[in-house]
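Residues per chain, in single letters:
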2 protein chains.
Amino acid sequence: MAEYSKILLDESEMPTQWYNIIPDLPEPPPPPLHPGTHEPIGPDDLAPLFPMDLIMQEVTTDSYVDIPGEVLDVYKLWRPSPLYRARRLEKALDTPAKIYYKYEGVSPAGSHKPNTSVPQAYYNAKAGTKKITTETGAGQWGSSLAFATAQYGIECEVWQVAASYAQKPYRKTMMEIWGASVHPSPSDQTEAGRSLLAQDPDNPGSLGIAISEAVEAAVQDPDTKYALGSVLNHVLLHQTIIGEEALLQLAKVGDTPDVLVGCTGGGSNFAGLSFPFLREKLAGKMNPTIRCVEPAASPSLTKGEYRYDFGDTMGMTPLVKMHTLGHSFIPDPIHAGGLRYHGMAPLVSHIYELGLCEAIAIGQTECFTGAIQFAKSEGIVPAPEPTHAIAAAIREALECKESGEEKVILTALCGHGHMDMAAYDAFLSGEMVDYDHRDADIAEAMAKVPVIA
Amino acid sequence: MAEYSKILLDESEMPTQWYNIIPDLPEPPPPPLHPGTHEPIGPDDLAPLFPMDLIMQEVTTDSYVDIPGEVLDVYKLWRPSPLYRARRLEKALDTPAKIYYKYEGVSPAGSHKPNTSVPQAYYNAKAGTKKITTETGAGQWGSSLAFATAQYGIECEVWQVAASYAQKPYRKTMMEIWGASVHPSPSDQTEAGRSLLAQDPDNPGSLGIAISEAVEAAVQDPDTKYALGSVLNHVLLHQTIIGEEALLQLAKVGDTPDVLVGCTGGGSNFAGLSFPFLREKLAGKMNPTIRCVEPAASPSLTKGEYRYDFGDTMGMTPLVKMHTLGHSFIPDPIHAGGLRYHGMAPLVSHIYELGLCEAIAIGQTECFTGAIQFAKSEGIVPAPEPTHAIAAAIREALECKESGEEKVILTALCGHGHMDMAAYDAFLSGEMVDYDHRDADIAEAMAKVPVIA
């Protein structure tokens with residue numbers, strides 16, 4: 001194939017299984033612990049929140065899980081997603097490197113999140129769930145779940161951080177188009193919300209508070225369950241369709257990656273792209289460097305510790321062993337809202353500890369500089385989150401320019417930036433700032449992390 | 001192929017020629033006239049505004065025009081675009097009809113407009129043009145031209161209607177990401193703008209004023225040209241790649257359309273989809289009903305007259321024979337800003353006069369009702385303009401439900417609605433209204449149309 005720009009797969013070539021990396025690792029990840037007893041939790045502990053099919057996927061030791069036909073039918077609305085060769089960016093950088101990017105912004109919600117919201121909605125519908133609750137910040141996850149629940153005829157109720165609800169009304173409208181109901185959080189719909197509003201009627205909310213409200217609403221109604229958009233094993237599992245497709249697409253043009261870079265917030269986009277390639281690496285079939293790129297303002301891998309900690313700010317979830325900045329750490333308000341998380345997926349953290357991936361942190365002005373270069377050459381305007389992956393790919397490509405190496409660089413463009421014009425406006429008008437590492441704040445938050453015997 | 005959702009073409013299958021329908025028509029369209037002499041204008045009259053390659057395409061009698069390799073390279077950033085079978089919408093409507101839609105929202109700017117902005121930028125760059133000026137309303141065309149000029153390293157200067165500039169700042173940001181400079185119109189950059197601001201510093205602007213400013217800036221500098229996003233023959237020519245691809249895609253699944261519906265504002269999206277199918281119809285190879293769908297608030301085909309009239313509100317352009325509501329008619333403020341035009345492309349008007357297509361008008365609340373049904377079943381949130389095509393396709397599919405006919409319906413989803421959430425918010429909150437036909441206003445505007453001997 002000469003001078004192609006993108007490598008497509010036909011629907012008939014779409015992978016029909018998700019990949020579970022755990023059986024292929026030299027040792028399994030440490031189990032989650034009950035927050036009270038500090039004993040490993042079992043499937044029944046999670047039953048009030050999730051349907052049993054998802055709980056079994058969370059703990060499965062099978063290497064592959066079949067994707068149900070009803071999920072494949074909805075995936076086909078946008079999948080397989082294209083793999084692009086960034087020829088015009090390569091020319092703009094004058095690099096001998098080949099840059100490939102897997103583009104997930106073609107989904108109806110505009111990001112990789114529907115890869116997991118769709119199966120989560122499906123398994124809930126199959127189990128008789130009438131409604132799913134969730135939290136959302138800027139709205140990427142909430143809109144993805146709203147789209148997915150509409151496909152299976154179940155209700156969706158979203159608690160959106162009040163500050164975002166007020167500042168970014170368009171994502172709320174998107175959720176409502178797909179039929180979801182959206183509350184600003186804290187809300188008067190839950191005990192948690194009402195108690196916080198009683199103290200401060202103008203509470204701007206946080207992701208931690210919104211999780212508390214969504215969980216409270218779910219556990220009070222047997223027909224209602226809760227859904228999470230990252231961090232958990234079953235979420236990472238669903239995202240592996242990204243990497244499975246990319247493997248097939250690169251094989252079509254006879255390339256294997258020398259470097260794979262992915263942005264990391266909770267870890268699901270990175271895991272989705274990299275785990276299938278890591279399987280090939282562990283099997284000795286290729287040897288890519290696999291690199292996480294995190295925001296300098298929320299550097300859980302590069303500045304955090306590998307400890308048991310809570311997944312939420314309020315300390316209500318099970319304890320999971322992960323790289324953490326401390327569950328009370330609130331990252332600075334960078335525009336990549338989807339990467340502002342104090343921890344890292346336990347499975348990504350475990351793989352990092354095993355030395356199977358490396359990590360770097362990049363500040364947001366370098367990211368947006370790269371994003372403008374990308375938009376001018378490749379056309380697509382990236383979401384703030386994947387600008388981190390783009391900036392890292394550009395760094396690597398410029399090193400190749402210096403060294404003359406013709407490396408194959410693979411990354412994921414996990415979403416478009418159509419709803420993020422305010423971030424670009426801040427950058428173009430010179431108002432965007434980088435943030436310090438806040439070592440003292442991280443140390444203060446780490447002091448509050450529970451000590452597990 | 002069983003249960004496919006979309007039919008893809010590989011880049012190697014992408015058409016390499018645009019189709020010019022004029023030689024295939026029983027008679028050619030009437031020529032444009034000089035506004036002063038009322039004599040047919042020649043290529044030289046257009047030379048101050050457009051490069052000669054585009055002028056020759058405007059008047060060509062060739063049936064096919066080769067797409068330059070440098071244009072194909074940029075088209076490949078998103079083309080070929082997918083053709084979807086709307087299986088989930090069909091199920092939701094419980095119709096025996098098959099509904100296909102060609103999706104143009106995959107372009108970087110999110111609509112079909114880059115199909116022509118890219119070749120327009122290319123031919124300008126080839127002719128040594130340093131800068132292209134244009135007008136834009138909500139910003140779809142301006143952002144498409146900004147994207148295209150970035151690909152060929154030339155400048156882009158956009159005059160955006162002041163009311164839109166203030167109310168919809170995100171499209172402006174999008175244009176700036178791709179490097180364009182954007183002025184609210186009227187502006188202090190031109191004589192026309194300054195004279196209007198002197199009369200009223202708060203003038204909200206109009207598309208007609210913005211055209212005047214962009215044209216004034218272009219004619220004053222020999223290195224600057226002007227670009228138009230619809231109406232002209234060469235624009236419609238470039239858009240035929242939509243229909244050429246759709247023909248190939250439908251052939252892959254062995255279907256031919258019984259009904260083809262497309263929304264019409266200036267006419268380029270409709271022409272792009274329908275002209276290649278009209279060629280097949282004229283050749284006796286298929287026999288689809290071809291239907292224009294216009295907004296009830298701007299019904300140039302269903303309520304206008306076929307007359308020589310000006311293309312712009314101020315009366316500065318050549319006189320073209322078209323269906324018009326009168327160049328001074330200002331359509332009501334429907335959300336489909338791209339369809340708020342007093343006239344219709346001369347070529348589409350001519351074909352309508354020849355009886356080769358029919359037309360209906362639909363109010364915006366019916367359109368948005370259909371759009372919500374579409375988004376809930378097919379996922380994609382449509383732009384306000386193609387909601388007219390969707391509403392017409394749904395009407396046809398429901399008639400099939402009544403009659404039991406298994407018709408094949410083809411339409412074009414010419415853009416996504418990610419930048420149009422305010423319109424959806426108005427609909428969902430019950431604030432959207434339909435508009436009366438305004439027959440008296442149309443009659444008043446028609447009285448100002450020049451009488452040509």
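Residues numbered from 1 in each chain as written. Chains lettered and ligands numbered in written order. Predicted model: local features only at pLDDT ≥ 70, side-chain atom pairs only at ≥ 80, totals over all residues. Heavy atoms only, no water.

Caption draft 1: The pairing of strand 6 (residues 131-136) of chain B, seen in detail. Residues and elements named next belong to chain B. Within strand 6, 5 of the 6 residues are buried, leaving the element largely enclosed by the surrounding structure. Note: strand 6 against strand 7 (residues 155-161), 6 bridges, orientation parallel. By the bridge assignment, T133 is partnered in strand 7 with E157. What joins strand 6 to strand 7 is helix 6 (residues 140-152), and the crossover it makes is right-handed. Note: strand 6 against strand 9 (residues 224-226), 3 bridges, orientation parallel. (Buried < 20%, exposed > 50% of the residue type's maximum accessible area, 1.4 Å probe, protein only. Helix = DSSP H or I, 4+ residues; strand = E, 2+ residues; numbered from the N terminus. Pairing = 2+ DSSP bridges. Right-handed = clockwise from strand over helix to strand, strands pointing away.)

Caption draft 2: Molecular detail of the pattern of salt bridges. All names here are of chain A. Inspection of the entire model under this criterion finds 46 salt bridges over all chains. Between K102 and E245 there is a salt bridge, and its shortest N-O distance comes to 2.7 Å. Separated by 143 residues along the polypeptide, K102 in strand 5 (residues 98-103) and E245 in helix 12 (residues 241-252) bring together distant segments of the chain. A relative accessible area of 0% means that E245 is categorised as buried. (Salt bridge = Lys/Arg side-chain N within 4 Å of Asp/Glu carboxyl O.)

Caption draft 3: Layout of a nonpolar patch on the surface. A surface patch of nonpolar side chains, about 260 Å² in accessible area, is lined by A:M52, A:M56 and A:V59. By the secondary structure assignment, A:V59 is in helix 2 (residues 52-59). (Patch = residues over 30% accessible without salt bridge, like charges linked within 9 Å, V, L, I, M, F, W, Y side chains within 5 Å. Areas by Shrake-Rupley, 256 points an atom, 1.4 Å probe, with all protein chains shown as cover.)

Caption draft 4: Spotlight on the environment of B:I7. All names here are of chain B. Here I7 lies in strand 1 (residues 6-7). Taking the relative accessible area as the measure of exposure, I7 reaches 2% and is therefore buried. In the structure, I7 is positioned 153 residues away from Q160 in sequence and 37 Å away in space, judged by C-alpha atoms. Once you skip the residues sitting within four places of it in the chain, I7 turns out to touch P82, L83, Y100, Q249, K252 and V253. (Contact = heavy atoms within 4.5 Å.)

Caption draft 5: Expanded view of the relation of the copies chain A and chain B. Note on the identical chains: chain A maps onto chain B by a rotation of 180° and an axial translation of 0.0 Å, with an RMSD of 0.0 Å. Interpreted geometrically, this transformation is the action of a two-fold axis. For chain A, the residue whose C-alpha comes nearest the rotation axis is A:H418, separated from it by 3.2 Å. (Least-squares fit on C-alpha atoms with pLDDT ≥ 70 in both.)

Caption draft 6: Spatial organisation of the sheet that holds strand 9 of chain B. All names here are of chain B. One open sheet holds the 4 strands; their spatial order is 8-7-6-9, and the pairing between them is parallel. Edge strands, defined here as strands with exactly one partner in the open sheet, are strand 8 (181-185) and strand 9. The average undirected angle you get between the axes of adjacent strands in this sheet is 25°. Here 5 bridges tie strand 7 to strand 8, and the two strands are oriented parallel to one another. (Axes fitted to C-alpha atoms, helices over the stretch in contact; angles between N-to-C directions.)

Caption draft 7: Region of the structure containing the sheet that holds strand 5 (residues 98-103) of chain B. Residues and elements named next belong to chain B. Taking strand neighbours across the sheet as the criterion, the 7 strands line up as 1-4-5-15-10-11-14 in an open arrangement whose pairing is mixed. Unpaired on one side and paired on the other, strand 1 and strand 14 (358-362) mark the two borders of the sheet. When strand 5 meets strand 15 (residues 408-413), the two strands line up parallel, connected through 6 bridges. Counterpart to K98 in the pairing with strand 15 is V408.

Caption draft 8: Region of interest: the side chain of A:E216. All names here are of chain A. For E216, the location among the structural elements is in helix 10 (residues 207-219). The buried charged residue E216 lacks any salt bridge, with R194 as its nearest oppositely charged partner at 5.0 Å. Beyond its immediate stretch of four places on either side in the chain, E216 contacts T190, E191 and A192. (Lys, Arg positive; Asp, Glu negative; His and termini not counted.)

Caption draft 9: Just the interface of chain A and chain B, in detail. Contacts between the two partners involve 44 residues from chain A, matched on the other side by 44 residues from chain B. Approximately 4000 Å² of surface area, both sides summed, lies buried where chain A meets chain B, with 57% of it carried by carbon and sulfur atoms. Applying the counting criterion to the chain A and chain B interface returns 2 salt bridges. Here A:E11 and B:K6 are joined by a salt bridge, their closest N and O atoms 3.0 Å apart. Along the contact surface separating chain A from chain B lie 23 residue pairs in polar contact (both at pLDDT 80 or more). Looking at the side of chain A that touches chain B, the elements with two or more residues in it are helix 3 (69-75), helix 6 (140-152), helix 8 (169-177), helix 16 (364-378) and helix 18 (421-428) of chain A. Of the residues that constitute the side of chain A that touches chain B, the class distribution is 24 nonpolar, 8 polar and 12 charged. (Buried area = accessible area lost by both parts, 1.4 Å probe. Polar contact = N/O pair within 3.5 Å; in protein donor to acceptor, adjacent residues only side chain to side chain. Nonpolar A, V, L, I, M, F, W, Y, C, P; charged D, E, K, R; others polar.)

Caption draft 10: Broad picture of helix 15 (residues 346-353) of chain B. Residue and element names in this part refer to chain B. With 6 of 8 residues buried, helix 15 lies mostly within the body of the structure. Those residues of helix 15 that are buried are in contact with helix 11 (233-239), helix 13 (268-282), strand 11 (289-295), strand 12 (305-310) and strand 13 (319-324). G355 occupies a position one or two residues after helix 15 and carries a positive phi of about 80°.

Caption draft 11: Region of the structure containing the environment of A:C292. All names here are of chain A. For C292, the position within the fold is in strand 11 (residues 289-295). Judged by its relative accessible area of 0%, C292 is buried. Between the C-alpha atom of C292 and that of V261, which follows or precedes it by 31 residues, the distance is 5.9 Å.

Caption draft 12: View of the packing of aromatic side chains. All names here are of chain B. Summed over the entire model, instances satisfying the criterion amount to 25 aromatic pairs over all chains. Between the aromatic rings of F50 and Y226, the centroid separation amounts to 6.2 Å while the plane-to-plane angle is 50°, which identifies the pairing as tilted. Of this pair, F50 sits in the loop between helix 1 (43-46) and helix 2 (52-59) while Y226 is found in strand 9, placing the two residues 176 residues apart along the sequence. Across this residue pair, the class does not change: F50 and Y226 are buried. (Phe/Tyr/Trp six-rings, centres within 6.5 Å; stacked < 30°, edge-to-face > 60°.)

Caption draft 13: Spotlight on unusual backbone geometry. Looking along the chain, the bond that leaves A:R79 and enters A:P80 is cis, with omega of -10°. Inspection of the secondary structure puts A:P80 in the loop between helix 3 and strand 4 (83-85).

Don't take any of this as a statement about function, it's just geometry.
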